[in-house]
Structures are given as C-alpha cells and as structure tokens.
Amino acid sequence: MANLKEIRNRITSVQSTMQITSAMKMVSAAKLKKAQDAITAMRPYAEKLTELLQSLSATLDGEVGGSFTSQREVKKVLIVAVTSNRGLCGAFNTNVIKQVKSIAESYQGKEVDVFAIGKKGGDVLAKTNTILASQNSIFDNLTFENVAQIAEELTQKFTSGEYDKIEIVYNQFKNAATQIVQTEQFLPLAPVKSDKPVSTGDYIFEPSKEEIVLTLIPKSLRTQLYKAIRDSFASEHGARMTAMHKATDNATELRNQLKLTYNKARQAAITNEILEIVGGAEALKG
C-alpha cells in the first residue's frame, strides 16, 4: 500500500484537476448560451432563404445559376473541415477528422485538398492531406462579414475552375450533449429535388426572376457557411461543457476513493503504533 504522503499528494493533485475542469465547464456553459441563441435565431432565416431560392429556381427553365451550378467532371475536390482551436471537448474534433478522411478516401484517384477552419483539424489532417489554407482566427471575431470573405474565396476557387467540387464537414448543434457530424455540398449548387408541386403564384417580379436568383445565390452561399461555422461553434462549447462535467465527476469519484484509501492507511499506521507501544510495555514488564 502506498505511504500516506504519496496518497496526500495524489489527493491534492486530483483536487487541483477538479478545480480546473469545473471552471472550464462553467466557462463553456456561459459561452454556450450565447452561441446557442445565435444559431437558433439564425436557422429560420437560413432555411427561408434556401426555400426561396429553391422555389424561384424550380420555376425557371434551364440553368440560371451560371457558374455556381456548373456540373463538371470531378477531378479536384476541396473539403472544408470546421473544427475548434482548442481541445478538451471529447470527440468533437475527432468525429469531423474521421469524416473528412472517409470522404477523401471515397474520392480515390482524384486530388483532394482540405481547407481547415480550426487549428485542431488542420494540425491532424496536415499529416495525411494537403492543407490549402487554415483559418484559425475566425473564432476570435465570428461575424458574418468575416465568414463572407472565406465564402467568397471558396466561391472564387470553384468558379475559376481550380476545384470541381467543394464540401463542408462540421458538427451540427442539437443540444449540449449531442452534436451531429454533417456533410454538405457547398458548390456546385445541387439541383432542387422535391415531390411537392411548385406554386408559382400570381406575382410580378422586379427585377426578373433570373436576376433575383443570381443575386440570392452568393448570399445563400455566405449564409450556408456562416450557419455551419455557427453550428460548430455552439457544438464545441456544448461538447466541452459535457466533457468537463464528466471529467469533474470522475475526479470527484477518484478523490473519494483516495480519501478512503488514505483513512484506511492512516488507521493501519495508528494500529501498528499502538501495538508497538503495547509490545514495548509488555517487554519492560517481563
């Protein structure tokens, strides 16, 4: 059995870890509320914008999206991997990295590059894939304007023919304990598939439907990327809060076990001292 000093040191170490994990849990819980409110408020707008774009596109003949809908032979693929800059958030980053590697393997014989948003994903994927660029500072000031610059950069790489397909992999926020890995096609725009009949309505469009669609497409792409990063940001804090909660519970259980072991060892040491004293006294009598 370990001596009393070693057990005391372990108890002190575990208590220090508990303080850190508990503090990180509270910080993530505070940040989660703000991030959750942001993504919850944004989703209806993003969904309505997509619905409007699809509704208009379905009433038009031919390809109106121009270069945004260009279906080319896929030779070069760009995967946008959205992870976090810090760890200690369970399997949050690992799940995205696994999904990116799985997608890359599915494009055998084709050139697959990675656009990393988040330091953790970029560092790991750099060992097996070509990292086109890394955007680690976006989470320091997560605004629509900053994300729009990244969306425009990705759009330019597709429209110029540098890449034939761009996909986004990220964690979708469901609740604090659940994050769902999502893969979305960013470009080219996927054709609308719906079994529901399209209602044209008696509307007068000004400007024309074609001009409206071409104006909405870039805005829709920026919104799609912003929603993905916002979803990932909220998921990160939810995953970290859950991970730190579990870590704190495990540390509490370990501390209690160590205290029990310490008390048993202390009791055994006191018993031995009493036996030695009694034995010495009996020896003097003899």
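In the block above lies the structure referred to throughout.
What this report covers is the structure whose coordinates are included nearby. Everything numeric here is computed off the predicted structure, so don't read it as measured data. (Residues numbered from 1 in each chain as written. Predicted model: local features only at pLDDT ≥ 70, side-chain atom pairs only at ≥ 80, totals over all residues. Heavy atoms only, no water.)

**Quick notes on the packing of helix α4 (residues 144-159) against helix α5 (residues 209-285)**
For step 1, the next point in the chain: Interaxial distance between α4 and α5 falls to 9 Å at its minimum, and their mutual angle equals 120°. It follows that α4 is oblique to α5 by the angle criterion. At the point where α4 passes α5, the crossing takes the right-handed sense. Seen from α4, the contacting residues are Phe144, Val147, Ala148, Ile150, Ala151, Glu152, Leu154 and Thr155; seen from α5, they are Leu221, Arg222, Thr223, Leu225, Tyr226 and Ile229. (Axes fitted to C-alpha atoms, helices over the stretch in contact; angles between N-to-C directions. Helix = DSSP H or I, 4+ residues; strand = E, 2+ residues; numbered from the N terminus. Parallel < 35°, antiparallel > 145°, perpendicular 65-115°, else oblique. Left-handed = near helix turned anticlockwise from the far one by under 90°. Contact = heavy atoms within 4.5 Å.)

**Structural notes on the side chain of Glu167**
For step 1, the next point in the chain: On the secondary structure map, Glu167 appears in strand β4 (residues 165-175).
For step 2, the next point in the chain: For Glu167, a relative accessible area of 8% translates into the label buried.
For step 3, the next point in the chain: Once residues lying within four places of it in the same chain are set aside, the contact partners of Glu167 are Leu78, Ile79, Val80, Ile103, Tyr107, Thr183, Glu184, Gln185 and Phe186. (Buried < 20%, exposed > 50% of the residue type's maximum accessible area, 1.4 Å probe, protein only.)

**Here we look at unusual backbone geometry**
For step 1, the next point in the chain: The step from Leu187 to Pro188 runs through a cis peptide bond, and the omega angle for that step is -5°.
For step 2, the next point in the chain: The topology assignment puts Pro188 in the loop between β5 (178-187) and α5.
For step 3, the next point in the chain: Positive phi, normally seen in glycine, also occurs at Leu88, with a value near 60°.
For step 4, the next point in the chain: As for its position among the elements, Leu88 is in the loop between β1 (76-82) and α2 (92-106).

**Points about the pairing of β4**
For step 1, the next point in the chain: Among the 11 residues of β4, 8 are classified as buried, and the element is accordingly described as predominantly covered.
For step 2, the next point in the chain: When β4 meets β5, the two strands line up antiparallel, connected through 9 bridges. Paired with Phe173 across the bridge in β5 is Gln179. (Pairing = 2+ DSSP bridges.)

**Some details on α4**
For step 1, the next point in the chain: Between its first and last C-alpha, α4 extends 22 Å over 16 residues, near the 22 Å set by a 1.5 Å rise per residue.
For step 2, the next point in the chain: What α4 keeps buried is the set Val147, Ala148, Ile150, Ala151, Leu154, Thr155, Lys157 and Phe158.
For step 3, the next point in the chain: Each element contacted by the buried residues of α4 is listed here: β1, β2 (111-117), β3 (130-135), β4, β5 and α5. (Expected span 1.5 Å × (residues − 1).)

**Focus: the sheet that holds β2**
For step 1, the next point in the chain: In spatial order, the strands read β3-β2-β1-β4-β5; together these 5 strands make up an open sheet with mixed pairing. Single-partner strands in this sheet number two, and they are β3 and β5. Averaged over all pairs of adjacent strands, the angle between strand axes in this sheet comes to 20°, irrespective of strand direction.
For step 2, the next point in the chain: Of the strands in this sheet, β1, β2, β4 and β5 touch α2, which is tilted by about 150° from β4.

**Some details on the pattern of salt bridges**
Once the charged atoms of two side chains with opposite charge are near each other, the side chains can pair.
For step 1, the next point in the chain: Summed over the entire model, instances satisfying the criterion amount to 11 salt bridges.
For step 2, the next point in the chain: As a salt-bridge pair, Arg72 and Asp164 come within 3.1 Å of each other at their nearest N and O atoms. In this pair, Arg72 sits in the loop between α1 (4-58) and β1 while Asp164 sits in the loop between α4 and β4, placing the two residues 92 residues apart along the sequence.
For step 3, the next point in the chain: Lys76 is the salt-bridge partner of Glu111, the closest N and O atoms lying 3.8 Å from each other. (Salt bridge = Lys/Arg side-chain N within 4 Å of Asp/Glu carboxyl O.)

**Comments concerning the nonpolar core**
For step 1, the next point in the chain: Core analysis: the biggest nonpolar cluster contains 42 residues, and Ile117, Leu154, Phe186 and Leu225 have the highest contact counts within it.
For step 2, the next point in the chain: When contributions to this core are tallied by element, the ones reaching two or more residues are α1, β1, β2, α4, β4, β5 and α5.
For step 3, the next point in the chain: In terms of residues, this core owes the most to one element, α5, which gives 12 residues.
For step 4, the next point in the chain: Not counting residues within four places of it along the chain, the set of residues in contact with Leu154 comprises Leu78, Val80, Phe115, Ile166, Phe186, Leu187 and Leu225.
For step 5, the next point in the chain: Counting 13 residues, the second-largest nonpolar core is a separate cluster that includes Val96, Val100, Leu125 and Val169. (Core = buried A, V, L, I, M, F, W, Y, C linked by side-chain atoms within 4.5 Å.)

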